[in-house]
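Residues per chain are reported as follows:
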Amino acid sequence: MSDQVLAGDPRAPDRNIPDRLTSPFQRHLRSWETLLLAVAVGIFIINALSSPYFLDPWNLSDATFNFTEKAMIAFAMALLIISGEIDLSVASIIALTSTAMGYLAQSGFGVPELVAAGLMVGMLCGAFNGFLVTGLGLPSIVATIGTMSLFRGISYIVLGDQAFRGYPAGFSFFGQGYVWWVFTFEFVLFAVLAIAYGILLHKTDFGRAVYAIGNNPLAARFSGVRVGRVKFILFLLTGLMAGIAAICLTSRLGSTRPSIAFGWELEIVTMVVLGGVSILGGSGTIPGVVIAAFVMGMVTFGFGLINVPGIVMSIFIGILLISVIALPRLWSNFRTRGKVV
Amino acid sequence: MIQLLKSREAILAAAILVLIGLISTRYSDFAAPSNLINVFNDTSILIMLALGQMVVIVSRCIDLSVASNLALTGMVVATLNMMAPGVPVPVLLLIAVAFGAMLGAINGVLVWKLDLPPIVVTLGTLTIFRGLIFLISNGEWINAHEMTAGFKAFPRYDVFGLSLLSWLAIATIAAFFVLVTRTPLGRAFFAVGGNPHAAVYTGIDVGYTRCLAFIISGAVAGLCGYLWVARYAVAYVDIAGGFELEVVAACVIGGISIAGGIGSVGGAVLGALFLGIVKNALPVVDISPFWQLAISGAAIIIAVAFNARSERKKGRIILKQAERLA
């Protein structure tokens, strides 16, 4: 991910063709995911040592709520970022979707209608973003900063300083229910989605197209990849994931305020980048994002157990975000300086 | 002359005049000079931050940490004022600018020396700076009675009918106008953003130039940190939360291209004024202030769509500017 130097750049190193390939085992050992996994295991051990309550299965189960909803969106966001786009409006999509569901719940609709509405509104928001970026050709970062204000703004118009409560009884399952033993519905959904996105990105033509677009959209277009269409689908998927996350979050909280999920977009992007996805597009993996989700969830939970306030954890997450991308570059700078000037 | 009329600044200025006209039909006193002075005063901080953000965006970067920088610097000067009430305000002002510039330099050096993507770096420092405020303040508020009278009075001090806050905004506008249009550094920002590779070959150090842009943006954010805390007479962890997006929005509405290389001081100022007028007009025309967010969102989308169309027509803007100069 650190080799994003363009050809023709004066800093581009000469291509060095090795005598033999490094063995697959060695490659795995040096990969980003392995490093991240080591960090995850380290945090797990530190947590287990610093609080006697950490290893309790029910506590660990509760801890998964810290990341499952964000991670669902992070999977779709990872694909979007790999393709060279970004969606900063996801948290606002959650707010709008939740508001729509709250409105319907007050009008007396049942659980199936609420879920259908949640998925629909999420997809519509995603489609709107997709239209702005692929239809009108707007840069995604500004277009989604715009829709970020717009979507949450609509929630504020509907709700003002009020809140929707009184969801039907069965609705609480999505955010509070258990599928088996300590495994929550959210966690199972997270695992299923992780596998689904892993297959989509790493085993299908669609996934190949996503990488191709991220590395060089023009070349991808000339190779017959429908760039606009793939990007549109990715925005649609991201909206859908935000809709699903909104269902889970609303169900878990049992109420909707317009400020729901405020600031999540930055945490989700952090999760994706921490997972080794290059913010410049073209590289990254789903397993990386999954491990990053665990790292962030465990840091939050472990710090919570030893009474560290949430805002201090955010310092840690911020430093983690910068250092994980800075360290590989420092290391490669250090190595090249040692060899040739 | 026709070119001037067709320019984005002219269109945006016309849009603002139409907006003021529309508001006046529902609330006739809105266009009164005294009210407009109030609106300008209320928008001063946004204008200054938008100008700082402009040079960063023009050099093809983005600074999402401005609001956190503002809040952290504000907390630092407020704490200093509480601990050592004897320190005069001009010294605090200098400290605020220097401290903000230092925070900006952290972003700048990471972008320059390690070649990290600016959006990731400033996303990181956004949360770090915000967290540091908590560490400094322990989550407590610094309230009006803990600040000295001089500390609070400075931005409100009246000079020729305008507050010092407004005068500072005007001075900042003038300074940025000179910087952007009359200095080599100003040209370098545009060159770096318009085409970084070409900039290297003309002898401009891309990373260094970007670093300077971040330092400038940070210094402005630091100055605004003091002004914000002094004006509202309170400092706590969450001040100006999310304000960075409003600053970026002002720039985008002002026609500054997120892809770098395109933008003007007038655009940034008008973009900020547009948002400021909407914000101040909603309560007086009896629209719930909860509409503000959706309106600014819609304005951003329309402005971006508009920018994208005109950029496509004009092509590479750095050449365009050269033509205009010739």
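A.B. asks: Would you mind going over the overall build of chain A with me for this structure?
C.D. replies: Within chain A one finds 15 helices and two strands. When burial is assessed residue by residue, chain A has 46% of its 341 residues classed as buried. Of the contacts formed within chain A by residues at least 6 apart in sequence, a portion of 79% connects residues at least 24 apart.

A.B. asks: In this structure, what is going on with the overall build of chain B? I would like to understand it.
C.D. replies: The number of helices and strands found in chain B is 15 helices and two strands. Over its C-alpha trace chain B gives a radius of gyration of 20 Å, about what one expects of a compact globule, namely 20 Å for 326 residues.

A.B. asks: Explain the confidence of the model for chain B to me, please; I cannot follow it from the model alone.
C.D. replies: Low-confidence regions, as indicated by low pLDDT, have predicted coordinates that should not be scrutinised in detail. Residues and elements named next belong to chain B. When pLDDT is averaged across chain B, the result is 87; 93% of the residues are at 70 or more. Confidence, read as mean pLDDT per element, is least for helix α15 (residues 317–325) in chain B (44) and greatest for helix α11 (residues 206–232) (95). Scored below 50 in pLDDT, residues 314–326 shows ten contacts in the model against residues more than four places distant or in partner chains. The complex model carries a pTM of 0.83, and its ipTM stands at 0.78.

A.B. asks: Before we go on, may I ask you to explain the interface of chain B and chain A in this structure?
C.D. replies: Think of interface size as the accessible area that goes away when the parts come together; that is how it is often given. With 39 residues of chain B at the interface, the matching set in chain A holds 41 residues. In terms of residues, the side of chain B that touches chain A owes the most to one element, helix α6 (residues 118–137) of chain B, which gives 13 residues. Its residues assigned to classes, the side of chain B that touches chain A comprises 30 nonpolar, seven polar and two charged.

A.B. asks: Can you walk me through helix α4 (residues 66–83) of chain B in this structure?
C.D. replies: Side chains of residues three or four places apart in an α-helix project in the same direction, reflecting 3.6 residues per turn. Here α4 of chain B spans 25 Å end to end across 18 residues, near enough to the 26 Å set by a 1.5 Å rise per residue. In terms of burial, α4 of chain B is largely enclosed, as 14 of its 18 residues are buried.

A.B. asks: Which parts of the structure should I look at to understand the packing of α4 of chain B against α6 of chain B?
C.D. replies: Packed helix pairs are characterised by how far apart their axes lie and by the angle those axes make with each other. Residue and element names in this part refer to chain B. Two numbers describe how α4 lies on α6: the axes approach to 8 Å, and their chain directions differ by 20°. Regarding the angle of α4 to α6, the classification is roughly parallel. Once α4 is placed against α6, the crossing between them reads as left-handed. Facing Ser68, Asn69, Ala71, Leu72, Met75, Val76 and Thr79 of α4, the residues of α6 in contact are Leu126, Phe129, Arg130, Leu132, Ile133, Ile136 and Ser137. Classifying every residue of the contact of α4 with α6 gives nine nonpolar, four polar and one charged.

A.B. asks: Is there a simple way to explain unusual backbone geometry in this structure?
C.D. replies: Comment: phi is negative for the bulk of residues other than glycine, and the bulk of peptide bonds are trans. All names here are of chain B. Positive phi, close to 60°, is recorded for Asp115, a residue that is not glycine. Here Asp115 lies in the loop between α5 (89–113) and α6. For Asn138, which is not glycine, the phi torsion reads 60° and is therefore positive. Mapped onto the elements of the fold, Asn138 is located in the loop between α6 and α7 (149–153).

A.B. asks: Even after reading the chapter, I still don't get helix α7 (residues 140–159) of chain A, so can you show me in this structure?
C.D. replies: All names here are of chain A. Here α7 contains 20 residues, and its C-alpha end-to-end distance of 28 Å stays within 8% of the 28 Å for a straight helix at 1.5 Å per residue. For α7, the tally of buried residues reaches 18 of 20 residues, placing the bulk of the element in the interior. At the exit of α7 stands Gly160, carrying a positive phi of roughly 60°.

A.B. asks: Could you clarify how one ought to interpret the environment of Leu114 of chain A in this entry?
C.D. replies: Summarising the element assignment, Leu114 of chain A is placed in helix α6 (residues 111–135). Setting aside residues up to four positions removed in sequence, Leu114 of chain A forms contacts with Met101, Leu104, Ala105, Phe109 and Phe171 of chain A.

A.B. asks: Hey, could you run me through the environment of Ser28 of chain B in this one?
C.D. replies: Residues and elements named next belong to chain B. Topologically, Ser28 is positioned in the loop between α2 (8–26) and α3 (33–58). Accessibility expressed as a C-beta count within 10 Å gives 9 for Ser28, which makes it exposed. With 45 residues separating them in the primary sequence, Ser28 and Thr73 have C-alpha atoms 39 Å apart.

A.B. asks: What is the right way to read the environment of Asn107 of chain B from this model?
C.D. replies: Residue and element names in this part refer to chain B. If you trace the backbone, Asn107 turns up in helix α5. Along the chain, Asn107 and Ser65 lie 42 residues apart, while their C-alpha atoms are 8.7 Å from each other. Not counting residues up to four positions away in its chain, the partners in contact with Asn107 are Asp63, Ser65, Val121, Thr122, Thr125, Phe214 and Gly218.

Criteria and cut-off values
Residues numbered from 1 in each chain as written. Chains lettered and ligands numbered in written order. Predicted model: local features only at pLDDT ≥ 70, side-chain atom pairs only at ≥ 80, totals over all residues. Helix = DSSP H or I, 4+ residues; strand = E, 2+ residues; numbered from the N terminus. Buried ≥ 20, exposed ≤ 12 C-beta atoms within 10 Å, placed from the backbone. Contact = placed C-beta atoms within 7 Å. Rg over C-alpha atoms; globule rule 2.2 N^0.38 Å. pLDDT = per-residue confidence, 0-100. Nonpolar A, V, L, I, M, F, W, Y, C, P; charged D, E, K, R; others polar. Expected span 1.5 Å × (residues − 1). Axes fitted to C-alpha atoms, helices over the stretch in contact; angles between N-to-C directions. Parallel < 35°, antiparallel > 145°, perpendicular 65-115°, else oblique. Left-handed = near helix turned anticlockwise from the far one by under 90°.

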